[in-house]
Amino acid sequence: MKALVTGAAGFIGSTLSESLLQHGYEVKGVDCFTRHYDEETKRANLAVAMRDEHYEFLELDLSRADLGTAVDNVDVVFHLAAQPGIRGSWDRRFAEYVQHNILATQRLLEECVGSAIGRFVYASSSSVYGDHAEYPVLEEQLPRPHSPYGVTKLAGEQLCGVYDENFGVPTVALRYFTVYGPRQRPDMAIHRVIESVIAGERFELFGTGDQIRDFTFVGDVVRATRLAAEVPRDTAATVMNIGGGSAVKMNELLEMIGVSLGRPVKVARLAEQAGDVRRTEASIERARAMLGWKPEVDLQAGIAAQVEWHLRRRDGR
Ligand SMILES: NC(=O)c1ccc[n+]([C@@H]2O[C@H](COP(=O)([O-])OP(=O)(O)OC[C@H]3O[C@@H](n4cnc5c(N)ncnc54)[C@H](O)[C@@H]3O)[C@@H](O)[C@H]2O)c1
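Since this is a predicted model, take the numbers as computed values, not measurements.

A. Spotlight on the packing of helix α7 (residues 250–261) against helix α9 (residues 299–314). In contact at an axis separation of 10 Å, α7 and α9 are set at 55 degrees when each is read in the N-to-C sense. By the angle between their directions, the pair α7 and α9 is classed as oblique. Relative to α9, α7 is oriented so that their crossing is right-handed. Contacts between α7 and α9 pair M256, I257, S260 and L261 from the former with L299, Q300, I303, A304 and V307 from the latter. Within the contact of α7 with α9, the residues separate by chemical class into seven nonpolar, two polar and no charged.

B. Region of the structure containing helix α3 (residues 94–112). Along its 19 residues, α3 runs 26 Å from first to last C-alpha, staying within 8% of the 27 Å computed at 1.5 Å per residue. By the largest-angle criterion, L103 marks the main kink of α3, which is about 30 degrees. Against the buried residues of α3 lie β1 (2–6), β4 (76–79), β5 (119–125) and α4 (148–167). Downstream of α3 by a residue or two, G114 has a phi angle that is positive, lying close to 75 degrees.

C. Broad picture of the pairing of β5. Across the seven residues of β5, six count as buried, placing the element largely inside the fold. In this structure, β4 lies alongside β5, joined through four bridges in parallel fashion. Looking at β5, one finds that H79 is bridged to Y122. Handedness of the β-α-β unit built from β4, α3 and β5 comes out right-handed. Alignment of β5 against strand β6 (residues 171–176), held across six bridges, turns out to be parallel. For A123, the partnering residue across the bridge sits in β6 and is L174. Running through α4, the crossover from β5 to the neighbouring parallel element β6 is right-handed.

D. Local environment of the nonpolar core. Ranked by internal contacts, the top residues of the largest apolar core, which has 78 residues, are V77, L174 and I257. If you tally residues by element for this core, the top one is helix α6 (residues 218–230), at six residues. Apart from residues lying up to four places away in sequence, I257 is in contact with I190, V193, I194, V197, V265 and I303.

E. Just the environment of L103, in detail. Among the secondary structure elements, L103 is positioned in helix α3. Owing to 18 C-beta atoms within 10 Å, L103 belongs among the partly exposed residues under this scheme. Separated by 28 residues in the primary sequence, L103 and D75 place their C-alpha atoms 22 Å from one another.

F. Examining the site of the ligand more closely. Surrounding the ligand, one finds 31 residues, the nearest of these being G7, G10, F11, A81 and A82. Elements supplying a minimum of two residues to the shell around the ligand: α1 (11–22), β2 (26–31), α3 and β5. Counting residues per element, the shell around the ligand draws most heavily on α1, at three residues. Among the residues forming the shell around the ligand, the class breakdown is 15 nonpolar, 11 polar and five charged.

G. Seen up close, the sheet that holds β2. Taken in spatial order, the seven strands of this open sheet run β3-β2-β1-β4-β5-β6-β10, and their pairing is parallel. The open sheet terminates on both sides in strands that have one partner only, identified here as β3 (55–59) and β10 (239–242). Each adjacent strand pair in this sheet contributes to an overall mean axis angle of 20 degrees, direction not counted. Here helix α2 (residues 39–50) sits on the sheet and contacts β2 and β3; the angle it forms with β3, its principal contact strand, is near 150 degrees.

H. Structural context of the sheet that holds strand β7 (residues 179–180). Strands sit in the order β7-β9-β11 across an open sheet of three strands; the sheet is mixed. Two strands in the sheet have a free side with no partner beyond their single neighbour: β7 and β11 (246–249). Note that strand β9 (residues 212–217) and β11 share four bridges and pair antiparallel. Bridged to D214 within β11 is A247. Contacts from α7 reach β9 and β11 within the one sheet, and its direction differs from that of β11 by about 100 degrees.

I. Spatial organisation of the environment of E53. Secondary-structure assignment places E53 in the loop between α2 and β3. E53 gets classed as exposed once you count the C-beta atoms within 10 Å, which come to 7. When the C-alpha positions of E53 and E308 are compared, they lie 28 Å apart, and in sequence the two are 255 residues distant.

J. View of the packing of α1 against α2. Running from N to C, α1 and α2 cross one another at 5 degrees; their axes reach a closest spacing of 9 Å. As summarised for this structure, α1 and α2 are arranged roughly parallel, according to the angle between their axes. When α1 is examined against α2, the residues S14, S17, E18 and L21 are found in contact with a partner set consisting of N45, L46, V48 and A49. A class-by-class count of the residues in the contact of α1 with α2 yields four nonpolar, three polar and one charged.

What counts and what doesn't
Residues numbered from 1 in each chain as written. Predicted model: local features only at pLDDT ≥ 70, side-chain atom pairs only at ≥ 80, totals over all residues. Axes fitted to C-alpha atoms, helices over the stretch in contact; angles between N-to-C directions. Helix = DSSP H or I, 4+ residues; strand = E, 2+ residues; numbered from the N terminus. Parallel < 35°, antiparallel > 145°, perpendicular 65-115°, else oblique. Left-handed = near helix turned anticlockwise from the far one by under 90°. Contact = placed C-beta atoms within 7 Å. Nonpolar A, V, L, I, M, F, W, Y, C, P; charged D, E, K, R; others polar. Expected span 1.5 Å × (residues − 1). Bend = angle between axes of the 7 residues up to and from the residue. Buried ≥ 20, exposed ≤ 12 C-beta atoms within 10 Å, placed from the backbone. Pairing = 2+ DSSP bridges. Right-handed = clockwise from strand over helix to strand, strands pointing away. Core = buried A, V, L, I, M, F, W, Y, C linked by C-beta atoms within 7 Å. Near = placed C-beta within 6 Å.

If you want it as structure tokens, here you go:
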């Protein structure tokens, strides 16, 4: 099997690529090193896969480049390339979200029309939901994004549906819920908390800390993503929540990280940010039924793995 992984130098894309290689896939990785965070970190993410003879890497921007041969001889597309981050998606910066999340997705789907692709797996997000009256959220609930980022991720998901219905591109959209673990993006909360404790600085917490997040370990996300390409597809249910089953308040999370590092987290409390939702919590019954998937790494074990990664990185190991 040959897989195309977009966003291959990113947090999840690089971890997915390595897992696919371990499962016998040939992998073509694509990334354009957007400046959302530094290129050096992304190059380091790629290092393990690059040493594998079954891995090839193409530096190209899906929103602009000629994609002529991108999906040639590819059996499965895993489309993870995106401009992530909720708080940065306001004002003029929205243009980048449109470019990398909507336009890039549409261009890649267009390339898949008439190709031999067996599955197109799209990395969607819990941010398509916004705030709801009832939790855990089910896939049937009406998406009501609360941020411009969520709007663009939902647009990408809907483009998948449009190309599926009109041209038979076999898409599956996975709504990931706050992913964490080794290589987590430097703008994400757990990464920032751990780095602030190691540096002896205060962690800047937005809001009261009572907001709830469903944290999902990257290894679990990667397994669900691979399975979404491998199991038979139910065309009536091509959208799935991928949540970790560890919905906790931010304040509880801070305590857990403090325990893991053996030092309490010092917090500077700041105002809630526009775009942040009160709560995310996934119903994962559909993924359980369709993929035979459930999360395996609990939050304490996942945090320990991420802490270990931060410490190793600091030591240059
Ligand atoms: N990390 C999470 O908690 C989370 C949650 C929900 C959904 N997601 C989705 O999962 C995917 C991966 O997220 P991540 O956290 O690994 O982000 P990331 O920023 O680490 O990785 C995304 C990669 O895509 C690349 N990219 C962006 N635009 C591109 C383009 N036009 N052409 C080629 N490459 C491009 C970037 O350079 C980056 O390396 C994204 O689609 C994101 O929206 C992530």
